[in-house]
Amino acid sequence: MLKRLFLLLSIFVLTTTAMFAQGSSATPAATPAAASEAKPKKPVFRSTKDQVKEAQTMLKGKKMFDGEVTGVSSPEWKTAVKAYQGDNGLTKSGSLNRATLEKMGIALTDKQKEIPVNPDHIASGDSKSTKTESKTETKTEAKTTDGPKRPAPFSANKDQITALQTKLKEAKLFDGAADGERSDSFKAA
């Protein structure tokens, strides 16, 4: 009788534990989903096929685009857009973003008007335009156009080293010769 009571009590404890374990694992899984829903996605600006056709016609008239007016993007088309953007103070992205369409005088849809102009699409003379540009170029080109180059590290000439050695000798911090040569004792001083 005692064995049956112990067996029933064990089954009850195991069943209760299993139910609590399932209930607690379901709660955290629901929390990340709720957190991701709370974070709104940024709207993405996309040009319409008609806008692309209108832009292709315009650039073809300016002799900047030689391809057919299809409303479809191509490498030749992206190059023409980059050239237009560069000539008009815009970031050379190769895509018809809001700033480019407005500069071309092409009408925006109501949905596009709700999306603000990205300030990165307007060239300001700093490295922002080259950063966007380098994303579409090869890595070797990106290294040469990605921001200002660092200056070479400072290297003192022989006269400067001699003057420093003389000052260190006067301060009794260096006991070697003031000959303009770098030595271990000079480095230590």
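Here is a short report on the structure shown in this document. (Residues numbered from 1 in each chain as written. Predicted model: local features only at pLDDT ≥ 70, side-chain atom pairs only at ≥ 80, totals over all residues. Heavy atoms only, no water.)

Our next topic: the layout of surface pockets. Which parts of space are left empty comes out when a probe the size of a water molecule is rolled across the atoms. The computed volume of the largest pocket comes to approximately 420 Å³. Taken together, 16 residues make up the lining of the largest pocket; nearest its centre are Pro43, Val44, Phe45, Asn118 and His121. (1 Å grid on protein atoms, 1.4 Å probe; cavity = no way out; pocket = protein on both sides within 12 Å on 5 of 7 lines; lining within 4 Å. Points joined across faces, edges and corners; volume = space filled by probe spheres on them.)

A cluster of nonpolar side chains, contributed by Leu9, Phe12 and Val13, occupies part of the molecular surface with about 310 Å² of accessible area. If you trace the backbone, Val13 turns up in helix α1 (residues 2–38). Overall, Val13 belongs to the partly exposed group, its relative accessible area being 43%. (Patch = residues over 30% accessible without salt bridge, like charges linked within 9 Å, V, L, I, M, F, W, Y side chains within 5 Å. Areas by Shrake-Rupley, 256 points an atom, 1.4 Å probe, with all protein chains shown as cover. Salt bridge = Lys/Arg side-chain N within 4 Å of Asp/Glu carboxyl O. Helix = DSSP H or I, 4+ residues; strand = E, 2+ residues; numbered from the N terminus. Buried < 20%, exposed > 50% of the residue type's maximum accessible area, 1.4 Å probe, protein only.)

Under the counting rule described, the total for this entry stands at two salt bridges. Residues Glu102 and Arg98 are paired through a salt bridge, measuring 2.7 Å at the closest nitrogen-oxygen approach. Linking Glu102 with Arg98, this pair stays in helix α4 (residues 98–104), spanning four residues, or about one helical turn. Residue classification places Arg98 among the buried positions, given a relative accessible area of 15%.

With that out of the way, let us pick up helix α2 (residues 49–61). Under the 1.5 Å per step criterion, the end-to-end length of α2 is 18 Å for 13 residues, consistent within 8% with the ideal 18 Å. Among the residues making up α2, those that are buried are Gln51, Val52, Ala55, Gln56 and Leu59. End-on view of α2: buried residues confined to an arc of 135°, all on one side of the axis. Across from the buried face of α2, at angles greater than 90 degrees, the exposed residues are Asp50 and Gly61. Structurally, α2 contributes buried residues whose contacts are with α3 (75–87), α4 and α5 (110–113). Looking one or two residues past α2, Lys63 carries a phi angle of roughly 60°, positive in sign. (Expected span 1.5 Å × (residues − 1). Arc of directions from axis to C-beta. Contact = heavy atoms within 4.5 Å.)

Time to look at unusual backbone geometry. One non-glycine residue, Lys63, lies in the positive phi region at around 60°. You can see Lys63 is positioned in the loop between α2 and α3. For Lys172, which is not glycine, the phi torsion reads 60° and is therefore positive. Of note, Lys172 is situated in the loop between α8 (158–170) and α9 (184–188). The exposure class of Lys172 is exposed, given its relative accessible area of 74%.

Further remarks concern the packing of α2 against α3. It is at 11 Å that the axes of α2 and α3 come closest, and there the two elements cross at 70°. As summarised for this structure, α2 and α3 are arranged roughly perpendicular, according to the angle between their axes. The chirality of how α2 crosses α3 is left-handed. In this structure, α2 uses Val52, Ala55, Gln56, Met58 and Leu59 to contact α3, whose residues at the interface are Trp77, Ala80, Val81 and Tyr84. In terms of residue class, the contact of α2 with α3 is built from eight nonpolar, one polar and no charged. (Axes fitted to C-alpha atoms, helices over the stretch in contact; angles between N-to-C directions. Parallel < 35°, antiparallel > 145°, perpendicular 65-115°, else oblique. Left-handed = near helix turned anticlockwise from the far one by under 90°. Nonpolar A, V, L, I, M, F, W, Y, C, P; charged D, E, K, R; others polar.)

Time to look at the nonpolar core. Ranked by size, the top nonpolar core spans 15 residues in total, and within it Ala55, Leu59, Trp77, Leu96, Leu101 and Met104 carry the most contacts. Secondary structure elements with two or more residues in this core: α2, α3 and α4. Tallying contributions element by element places α3 first for this core, with four residues. In contact with Leu59, other than residues within four places in its own chain, are Met64, Phe65, Trp77, Ala80, Val81, Tyr84 and Met104. (Core = buried A, V, L, I, M, F, W, Y, C linked by side-chain atoms within 4.5 Å.)

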